[in-house]
Amino acid sequence: MTAKKKTGCMKNGKRLLKTALFLFFALNIHAAEPVDFYATVTSSNDTNTIKMTTDLLFSQFQSVNGYTVNDKRNKLYSADEAVASNISFFAEIQEDENGGWICTLNAIKASQHKNVSSTKKYDSYYKILMDAKTSLENLMENLNSNSPINKLPQIADEKKPSAESTQKTESNIYEMIAGTWSGEELIEKVLILRGGKGFVIFKNGASMNVAITASGSNLKITQTSKPNASFYPELTREIALKSVENASPITWDLHLVNKNTLTGTKTTLLMDNKNKNAEEGSVNITWNRK
């Protein structure tokens, strides 16, 4: 091979390497676009509900693929202070004078002079939580679309159930257990929705989606969120991180004793101090309506 051909091959190799590196970094940047999550804007005096809803939105945003969420929940969004290269997000939650809540999600991409919003009215704040991830995914899809429109309002009232379907639902066990429950030392509260879904909020800040199935007065509550070491606060952090990937979903097998009491067993990872590892096991628990 002549020196000229060698030089040409080297140049081609360098170009291919540069192209590969560019594509690698471009794909990784796209796969983890930074989002600054700001405080909720509200005039409501129900600070506990607003905080809980904000925390759930933050947790659900963290499970949306393609984004790295920066916690700025302690400050309100300001265009002057926002990082132009990051996406800025904040929610507006207001109590409707006719009952229920009006929730607006806002996402701003200052570097492209683009912002989108989505507004929905909900019968209760539970419905906001149940709809959170889907609403966030739709909002970000609109923000990243090629539409030239800067503001994309998306207003929709939830359909009210008919009197007949409401009557049937009220006799259902899901209606009976809907609400807020507590009873485990390391869990802040459990929110059970009427549609057979819910959220477990841990004292360490983590939140878990669950699905509920009923058979008579017996309930099976099953983790539906992706594995997360924070779902095992009973374990040391090191062992939780090591064990979580191969762990089965956490489940609760509960019996409705009365409208304010659920009792049964929880199947999860338990600490084995002798062998310094985690093993699946069951513990007895009781939940009480808050």
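About the thresholds
- Residues numbered from 1 in each chain as written.
- Predicted model: local features only at pLDDT ≥ 70, side-chain atom pairs only at ≥ 80, totals over all residues.
- Heavy atoms only, no water.
- 1 Å grid on protein atoms, 1.4 Å probe; cavity = no way out; pocket = protein on both sides within 12 Å on 5 of 7 lines; lining within 4 Å.
- Points joined across faces, edges and corners; volume = space filled by probe spheres on them.
- Helix = DSSP H or I, 4+ residues; strand = E, 2+ residues; numbered from the N terminus.
- Nonpolar A, V, L, I, M, F, W, Y, C, P; charged D, E, K, R; others polar.
- Contact = heavy atoms within 4.5 Å.
- pLDDT = per-residue confidence, 0-100.
- Salt bridge = Lys/Arg side-chain N within 4 Å of Asp/Glu carboxyl O.
- Buried < 20%, exposed > 50% of the residue type's maximum accessible area, 1.4 Å probe, protein only.
- Pairing = 2+ DSSP bridges.
- Axes fitted to C-alpha atoms, helices over the stretch in contact; angles between N-to-C directions.
- Expected span 1.5 Å × (residues − 1).
- Phe/Tyr/Trp six-rings, centres within 6.5 Å; stacked < 30°, edge-to-face > 60°.

A. Summary view of the layout of surface pockets. Empty space within the largest pocket amounts to approximately 710 Å³. Lining of the largest pocket is provided by 30 residues; of these, D55, S59, G205, A206 and S207 occupy positions nearest its centre. Residue assignment for the lining of the largest pocket shows that the elements contributing at least two residues are α2 (47–62), β8 (187–192), β9 (197–202) and β10 (207–215). With 9 residues, the single largest contributor to the lining of the largest pocket is α2. Here the residues of the lining of the largest pocket are counted per class, giving 9 nonpolar, 13 polar and 8 charged.

B. View of the environment of I187. In this fold, I187 is placed in strand β8. What I187 contacts, discounting residues up to four positions off in sequence, is V200, I201, F202, K203, W252 and K266.

C. Seen up close, the environment of T40. Note on placement: T40 falls in the loop between β1 (33–38) and α2. Between the C-alpha atom of T40 and that of A91, which follows or precedes it by 51 residues, the distance is 4.9 Å. For T40, the residues in contact, after removing those within four places along its chain, are I50, T54, L76, A91 and I93.

D. Region of the structure containing empty space enclosed by the protein. Enumeration according to the criterion identifies 2 cavities of 30 Å³ or more in this entry. Put simply, the parts of the chain that give the lining of the largest cavity at least two residues each are β4 (101–109), β5 (114–122) and α3 (125–143). Partitioning the lining of the largest cavity into residue classes produces 6 nonpolar, 3 polar and 2 charged. Within this model, the second largest cavity holds a volume of roughly 40 Å³. What lines the second largest cavity is Y232, S248, P249, I250, T267, T268, L269 and E280. The greatest single-element share of the lining of the second largest cavity, amounting to 3 residues, is contributed by strand β13 (residues 261–272).

E. Representation of the confidence of the model for the protein within the structure. On average, residues of the protein carry a pLDDT of 81, and 80% of them reach 70 or more. Counting contacts from residues 147–171, a segment whose pLDDT is below 50, to residues more than four positions away or on other chains yields 32 contacts.

F. The arrangement of the pattern of salt bridges in detail. By the definition in use, this model includes 10 salt bridges. Linking D96 and K121 is a salt bridge whose minimum nitrogen-to-oxygen distance equals 2.7 Å. Of this pair, D96 sits in the loop between β3 (87–95) and β4 while K121 sits in strand β5, placing them 25 residues apart in sequence. One salt bridge in this structure joins K266 and E184, with 2.9 Å as the shortest N-O distance. Placement of the pair is K266 in strand β13 and E184 in the loop between β7 (179–182) and β8, with a sequence separation of 82 residues. The exposure class of K266 is buried, given its relative accessible area of 2%. Among the charged side chains, a salt-bridge network with shared partners connects K51, D55, D71 and R73.

G. Structural view of the sheet that holds strand β14 (residues 277–289). The 8 strands are arranged β7-β8-β9-β10-β11-β12-β13-β14 in a closed barrel whose pairing can be described as antiparallel. Across this sheet, the average inter-strand angle for adjacent strands is 30°, counted without regard to direction. As defined by bridge partners, β9 adjoins β10 across 5 bridges and the pair is classed as antiparallel. For V200, the partnering residue across the bridge sits in β10 and is M208.

H. Broad picture of α2. With 16 residues, α2 extends 23 Å between its outermost C-alpha atoms, agreeing within 8% with the 22 Å of an ideal straight helix rising 1.5 Å per residue. When we look at burial in α2, the residues that qualify are T49, I50, M52, T53, T54, L56, L57, F58, S59, Q60 and F61.

I. Geometry of the pairing of β3. Pairing analysis gives 3 bridges linking β1 to β3, with the strands arranged parallel. By the bridge assignment, D36 is partnered in β3 with S88. One ladder, built from 9 bridges, connects β3 with β4; its direction is antiparallel. Bridging across to β4, S88 finds its partner in I108.

J. View of the packing of aromatic side chains. Overall, the coordinates contain 9 aromatic pairs when judged by the stated rule. Taking the centre distance of 5.7 Å and the plane angle of 15° together, the rings of F202 and F231 count as stacked. Of the two residues, F202 sits in strand β9 while F231 sits in the loop between β11 (218–223) and α6 (237–243), which places them 29 residues apart along the sequence. In this structure F202 comes out as buried when scored by relative accessible area, which is 3%. An aromatic cluster is built from F37, F58, F61, Y67 and F89, whose rings are joined through pairwise contacts.

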